[in-house]
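Structure at a glance
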Amino acid sequence: MSNTVTMDLVKTEAVIPAPDMLIVSPKGSVHADVIRVRTDQDGTLARGTLLMSAEKEGAKVFVPCTSAGLSEAGASFAVLADNVTLKATEHADTAAYFEGDFNDAAVILPWVTDVSQHAAQVELAREPLRRNKIFLRNTHE
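Treat the numbers as computed from the prediction; the structure is a model and nothing was measured.

Describing helix α1 (residues 118-130)
Its 13 residues give α1 an end-to-end C-alpha distance of 17 Å, which sits within 8% of 18 Å, the value for a rise of 1.5 Å per residue. Bending of α1 peaks at approximately 30 degrees at the position of L124, with proline P128 no more than four residues after it. Those residues of α1 lying buried are H118, Q121, V122, A125, P128 and L129. On its buried face, α1 sits against β3 (50-56), β5 (77-80) and β8 (134-137).

Set out below in C-alpha cells:
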C-alpha cells in the first residue's frame, strides 16, 4: 500500500498587504524582477521608492534615485515593490517594478524632502520615466 501525497495549493500563513494604490490601471505592473539594492546610509527603503541603476564596486546595483540621475544617459529606473531594510555596507536582493502604471502620489522620490514640492518634482520625473516605460498617473480618490 502506498502513502497518499497531499499538496497544499493555498498557504494561509502568508499575509496579504492592504491595497496602497501604488499600482494603478487594469494593466498594472507589466514587468517585475529581483534586483540588488544598495544605499549610502543604514535604514529602510519603503515600497514605492524610485530607484536608478548605478555601478558600485564593479557591479550593477540599484540605488535611491536622485534628481540628477533622471538625466543620466543609460540609466534605468525601477519602483521598489517591497519595503527593504539594509545597512550602508551591505546590499539586499528584493523585488522591483520596471514597467507599468503607478500612482504619482504614491511613488516616493528620494530627493524630495519638502512634501509641497512633490507634485513639481513628479512633473520633472514624468518624461525620463516614461521613456523607461514607467508611467506616473494622476489619480483621484
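Let's talk about the environment of I23
Following the sequence through the fold, I23 ends up in the segment before β1 (29-37). In this structure, the C-alpha to C-alpha distance between I23 and G100, residues 77 residues apart in sequence, is 7.6 Å. Discounting chain neighbours no more than four positions away, the residues touching I23 are G28, S29, R47, Y97, D101 and F102.

Brief notes about the packing of aromatic side chains
The geometry of an aromatic ring pair is captured by two quantities: the separation of the ring centres and the angle between the planes. Across all of its chains, the model carries two aromatic pairs by this definition. Here the aromatic rings of F62 and F98 are separated by 5.7 Å at their centres, their planes lie at 75 degrees, and the arrangement is edge-to-face. Taken together, the residues F62 in strand β4 (residues 59-64) and F98 in strand β7 (residues 92-103) connect sequence positions 36 residues apart. Ring centres of Y97 and F102 lie 5.8 Å apart, and the angle between their planes is 40 degrees; this geometry places the pair in the tilted category. F102 matches Y97 in its accessibility class, with the two residues each being buried.

Regarding the nonpolar core
Among the nonpolar cores identified, the biggest contains 23 residues, and L50, F77, F102 and W111 are the most heavily contacted of them. Mapped by element, the contributors of at least two residues to this core are β3, β4, β5, β7, α1 and β8. Counting 12 residues, the second largest nonpolar core, distinct from the first, contains I35, F62, A92 and F98.

Brief notes about unusual backbone geometry
Despite not being glycine, K133 shows a phi value in the positive range, around 65 degrees. Along the chain, the position of K133 falls in the loop between α1 and β8. Note on K133: relative accessible area 47%, which makes it partly exposed.

A few points about the environment of V84
Mapped onto the secondary structure, V84 falls in strand β6 (residues 84-86). In sequence terms V84 and G43 are 41 residues apart; their C-alpha atoms lie 8.5 Å from each other. Not counting chain neighbours up to four residues away, the residues in contact with V84 comprise G43, T44, L45 and A92.

Rules and cut-offs
- Residues numbered from 1 in each chain as written.
- Predicted model: local features only at pLDDT ≥ 70, side-chain atom pairs only at ≥ 80, totals over all residues.
- Heavy atoms only, no water.
- Helix = DSSP H or I, 4+ residues; strand = E, 2+ residues; numbered from the N terminus.
- Expected span 1.5 Å × (residues − 1).
- Bend = angle between axes of the 7 residues up to and from the residue.
- Buried < 20%, exposed > 50% of the residue type's maximum accessible area, 1.4 Å probe, protein only.
- Contact = heavy atoms within 4.5 Å.
- Phe/Tyr/Trp six-rings, centres within 6.5 Å; stacked < 30°, edge-to-face > 60°.
- Core = buried A, V, L, I, M, F, W, Y, C linked by side-chain atoms within 4.5 Å.

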